[in-house]
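Secondary and tertiary structure notes
Here is how the chains run, residue by residue.
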Amino acid sequence: LLVYRFMEAVVSTQSTGESAGMAELVIERNDGCDGRITVKYKTKDITAIAGKDYEARDEEVEFTHGEVTKTIQIPLNDDDVFNEDKIFEVTLYDPTAGSSLGKTKCTIVTILNDDDYQTLITRVANLTSVNLDKLVIGKESWKQQFEEALSVNGGNIDEAETIDFILHFVTFGWKVLFACVPPAHMASGWLCFCVSLGCIGVVTALIGDLATVLGLLIGLKDSVTAITLVALGTSLPDTFASKVAAINEDTADAAIGNVTGSNSVNVFLGLGIPWLVATIYKALTYGEDDKRSRFVVSDKSLPFAIALYSITAILTLLLLTWRRYSVSAGKAELGGNKTIARFSSLFCISMWLVYVICASLYAYDIIKFD
């Protein structure tokens, strides 16, 4: 079995000054070197723009008999104008002759700005140039969002499997919907933030209504539907996103922050806004002395559910705090010793099961607290 990958020396980020004129990447051939085989590579814009900051490449690399490494060169454009550091992606694909791609099939190239300007006039012009570049990048990346949403496996059909085609068909509408979210480069990210919140609100409302209908059909109480069907529908995507963040980031901040922030948005938007609207509507519609002017939440299980959730949340925070300072746990919230990591996972899952089971039993009066 022959495996292609970028060498570890350049796997995470390859930094190159733009005045160097060329970015060099090394492709390594492992687990055999017999015969002639080929692999292709292509570039993809992230913040750097092909044709402006570097020259796009989509080419084939040939390994002759006995060759184990190959160096590829990507031309960089030195414009002698101040710019922020920019990045683009280089990906390996389509290996031949029975070979396959290794774990490191993609790398990021950082184009470092090494122009030195001292005058105030030049600095003002530089800031203007940076802002114009952001508009161009936003336009290009927005176009790429739609291209990837409309294509199977992000356009890489050669490596697409059957499951990729099935998932593309099932999620096509969602992919197009979220491709409408503007890139983060526009309006300093605020436009992306606001539109994303709106899309999340629409999806949350849709999932909530569908879960409520399903709960009525199978005879579940609203409080049980909320902590099972609705919670799973709104939290599972965040769980997968946090898993990706935990794998790709050096720290657990992004993963834990994503879960915590997402749950906060679900609660504040899913409960806070409807309750606020209902309260304002009743106050404006009915007189102050009318009992109908008050919006009352009469679900008896709500206080118990909140108390139970607070207990499980505190226990989970204590676990994370212990992991932060424990040498045996690697002094980290995630990862570390495999045994402790598995114990932490089981502990968190058990907290969720305890919460769901106890809250459900309380809602059906199987357990009672006077």
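Residues numbered from 1 in each chain as written. Predicted model: local features only at pLDDT ≥ 70, side-chain atom pairs only at ≥ 80, totals over all residues. Heavy atoms only, no water.

Concerning the overall build of the protein
Where we set the bar: Note on conventions: DSSP H or I runs of at least 4 residues are helices, E runs of at least 2 residues are strands, and numbering of each starts at the N terminus. Summary of the burial criterion: residues with accessible area below 20% of their type's maximum are buried, those above 50% are exposed, and those between are partly exposed, where the area comes from a 1.4 Å probe applied to protein chains only. Per-residue and other accessible areas were derived by the Shrake-Rupley procedure at a 1.4 Å probe size, with only the shown protein chains allowed to occlude residues.
Within the protein, the secondary structure is distributed over 7 helices and 9 strands. For the protein, buried positions account for 30% of its 370 residues. Counting every atom, the protein has about 22,600 Å² of accessible surface; 64% of that belongs to carbon and sulfur.

What to know about the side chain of S326
What counts here: Counted as a polar contact is a pair of N or O atoms within 3.5 Å, where, for protein atoms, one must be capable of donating a hydrogen and the other of accepting one, and residues adjacent in sequence contribute only when both atoms are in side chains.
Locating S326 in the fold gives a position in the loop between α6 (301–325) and α7 (338–363). Relative accessible area serves as the criterion here: at 9%, S326 is assigned to the buried category. Engagement of the side chain of S326 in a polar contact is seen with the side chain of S328, the distance being 2.8 Å.

Looking at α6
Every α-helix winds through 3.6 residues per turn, so residues three or four apart in the chain are directed the same way. The condition that has to hold: What a helix should span is 1.5 Å times the count of its residues minus one. Whether two residues are in contact is decided by their heavy atoms: any pair within 4.5 Å suffices.
For α6, spanning 25 residues, the distance from its first C-alpha to its last is 37 Å, which sits close to the expected 36 Å at 1.5 Å a residue. Among the residues making up α6, those that are buried are S301, F304, A305, L308, T312, L319 and R323. Tucked into the core, α6 has its buried residues touching α4 (222–248) and α7.

Quick word on the packing of aromatic side chains
Worth spelling out the cut-off: Geometry of aromatic contacts follows a simple scheme: Phe, Tyr and Trp rings, the Trp one being its six-membered ring, pair when their centres are within 6.5 Å, and the pair is stacked under 30 degrees between planes, edge-to-face over 60, tilted otherwise. Look at NZ for Lys and CZ for Arg. If either is within 6 Å of the ring centre and within 35 degrees of the ring normal, a charge sits over the ring.
Tallied over the full model, the rule gives 5 aromatic pairs. When the ring of F304 is compared with that of Y362, the centres are 4.3 Å apart and the planes differ by 15 degrees; the resulting orientation is stacked. Of the two residues, F304 sits in helix α6 while Y362 sits in helix α7, which places them 58 residues apart along the sequence. The lysine or arginine in question, K42, covers the ring of Y93, its NZ or CZ lying 5.1 Å from the ring centre. The side chain of K221 reaches across the aromatic face of Y364, ending 5.2 Å from its centre.

Considering the confidence of the model for the protein
How we decide: Every residue is assigned a pLDDT by the predictor, reflecting its confidence on a scale from 0 to 100.
Counting all residues, the mean pLDDT for the protein is 78, and 85% of those residues have values of 70 or more. Least confident of the elements in the protein is strand β1 (residues 3–6), whose mean pLDDT is 50; most confident is α7, at 91. Confidence drops under pLDDT 50 across residues 7–13; counting only partners more than four residues distant or on other chains, this segment forms 14 contacts. Within the model, pLDDT remains below 50 along residues 116–121, and this stretch shows 7 contacts once partners closer than five positions in the same chain are excluded.

Here we look at the environment of P182
Residue position: P182 is located in the loop between α2 (162–179) and α3 (190–218). Residue classification places P182 among the buried residues on the basis of a relative accessible area of 5%. Along the sequence, P182 and K143 sit 39 residues apart, while their C-alpha atoms lie 10.0 Å from each other. Apart from the residues within four sequence positions on either side, P182 is in contact with W142, L191, C192 and V195.

Overview of a nonpolar patch on the surface
The cut-off we apply is this: Note that patches include only residues with greater than 30% relative accessible area and no salt bridge, and the join distances are 9 Å for like charges and 5 Å for nonpolar side chains (Val, Leu, Ile, Met, Phe, Trp, Tyr). Salt bridge criterion: a side-chain nitrogen from Lys or Arg within 4 Å of a carboxyl oxygen from Asp or Glu.
The grouping of L232, L236, F240, I349, W352, L353 and I357 at the surface amounts to a nonpolar patch, some 670 Å² of accessible area in total. Put simply, the parts of the chain that give the nonpolar patch at least two residues each are α4 and α7. Among the elements that make up the nonpolar patch, the one with the highest residue count is α7 (4 residues). Looking at the element boundaries, L353 is found in helix α7.

Section: the layout of surface pockets
To be explicit about the condition: Here a cavity denotes a set of grid points, spaced 1 Å apart and computed over the protein atoms alone, in which a 1.4 Å probe fits but from which it cannot get out, and a pocket denotes an open set meeting protein on both sides within 12 Å along at least five of seven lines; residues with an atom within 4 Å of a point are reported as lining. Grid points are joined across faces, edges and corners, and a volume is the space filled by probe spheres set on the points. Residues are grouped as follows: nonpolar covers Ala, Val, Leu, Ile, Met, Phe, Trp, Tyr, Cys and Pro; charged covers Asp, Glu, Lys and Arg; every other residue, Gly included, is treated as polar.
There is about 690 Å³ of room inside the second largest pocket. Forming the boundary of the second largest pocket are 18 residues, of which I200, V203, T234, P237 and D238 lie nearest the centre. Mapped by element, the contributors of at least two residues to the lining of the second largest pocket are α2, α3, α4 and α5 (253–285). If you tally residues by element for the lining of the second largest pocket, the top one is α4, at 6 residues. For the lining of the second largest pocket, the class distribution of residues is 10 nonpolar, 7 polar and 1 charged.

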